[in-house]
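# Observations on the three-dimensional arrangement
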Amino acid sequence: MARAAEEIEVRDPVSAPGVDGEPVRTTRRFPMFTKDTARPEGGGRAAPRDAPAPARQWPILAVLCTVALGLLVTAFDAFRIGTILIGGALLAGAVLRWVVPDVGMLAVRSRFTDMVTYVALGTAIVLLALMAQPKPLLEIPFLKDTLHFTVGEETD
């Protein structure tokens, strides 16, 4: 029994087989310079390689064109409709990220993180657009009370 323990040769506590099968020292530290990055899941082309560039990236183009339309509408003095279009574009981006398997450059992080980010920002923009003055379409009663307590009373 003691003989078997003596025959085991430990070359390095942290080693892994290299290309030729010989143990190579590895480290658990992160490299100082990254040599490669993993593409996000769903980050492949949304159309075949032989399709023109805009067709390969149609999901991000659809979202960006809708945002541009929203900004244009906002510039022409229709603030509420323009910002609702912008928030709707982000919500549509979340739906595209969920439904379409390969969304190209619309995939930035993992599918879950992208969807949560798009939904949170899109919902916030739409809600703020609906609550904007004058004549808000959405009134949340506790917000007026919260504002009353934070601003305080004016003194003469």
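Structural notes, computed from the coordinates. (Residues numbered from 1 in each chain as written. Predicted model: local features only at pLDDT ≥ 70, side-chain atom pairs only at ≥ 80, totals over all residues. Heavy atoms only, no water.)

### Let's talk about the side chain of T83
Basically, it comes down to this: Working definition: helices are DSSP H or I runs of at least four residues, strands are E runs of at least two. Numbering for both runs from the N terminus. Any residue under 20% of the maximum accessible area for its type is buried, any over 50% is exposed, and the rest in between are partly exposed; the area is computed with a 1.4 Å probe on protein chains only. As used in this structure description, the phrase polar contact means that two N or O atoms lie within 3.5 Å; if the pair is within protein, one of them must be able to donate a hydrogen and the other to accept it, and residues adjacent in sequence are counted only when both atoms belong to side chains. The contact definition used throughout considers only heavy atoms, calling two residues in contact when any of these lie within 4.5 Å.
Tracing the backbone through its elements, the reader meets T83 in helix α4 (residues 79-99). With a relative accessible area of 13%, T83 lands in the buried category. Within polar-contact distance, the side chain of T83 engages the backbone oxygen of F79 at 2.9 Å. In contact with T83, other than residues within four places in its own chain, are T74, I125 and A129.

### As for helix α5 (residues 111-131)
Three or four residues apart is the spacing at which side chains of an α-helix point the same way, because the helix has 3.6 residues per turn. The condition that has to hold: By this rule, a helix spans an expected 1.5 Å times one less than how many residues it contains. Directions from the helix axis toward the C-beta atoms define the arc.
Here α5 spans 30 Å end to end across 21 residues, near enough to the 30 Å set by a 1.5 Å rise per residue. When we look at burial in α5, the residues that qualify are D114, Y118, G122, V126 and A129. For α5, the arc enclosing every buried residue in end-on projection is 70°, short of the 170-degree limit, so these residues lie on one face. Residues of α5 that are exposed and angled more than 90 degrees away from the buried face: F112 and L128. Its buried side turned inward, α5 meets α4.

### Here's the deal with helix α3 (residues 58-75)
Taking 1.5 Å as the rise per residue, α3 with 18 residues should run 26 Å; its terminal C-alpha atoms sit 25 Å apart, in good agreement. Those residues of α3 that fall on the buried side of the exposure criterion are P59, I60, V63, V67 and G70. Down the axis of α3, the buried set is contained in an arc of 100°. They therefore lie on one face. Residues of α3 that are exposed and point more than 90 degrees away from the buried face comprise C65 and A75. Just past α3, the residue D77 takes up positive phi, approximately 75°.

Taken by themselves, the reported measurements are silent on function.
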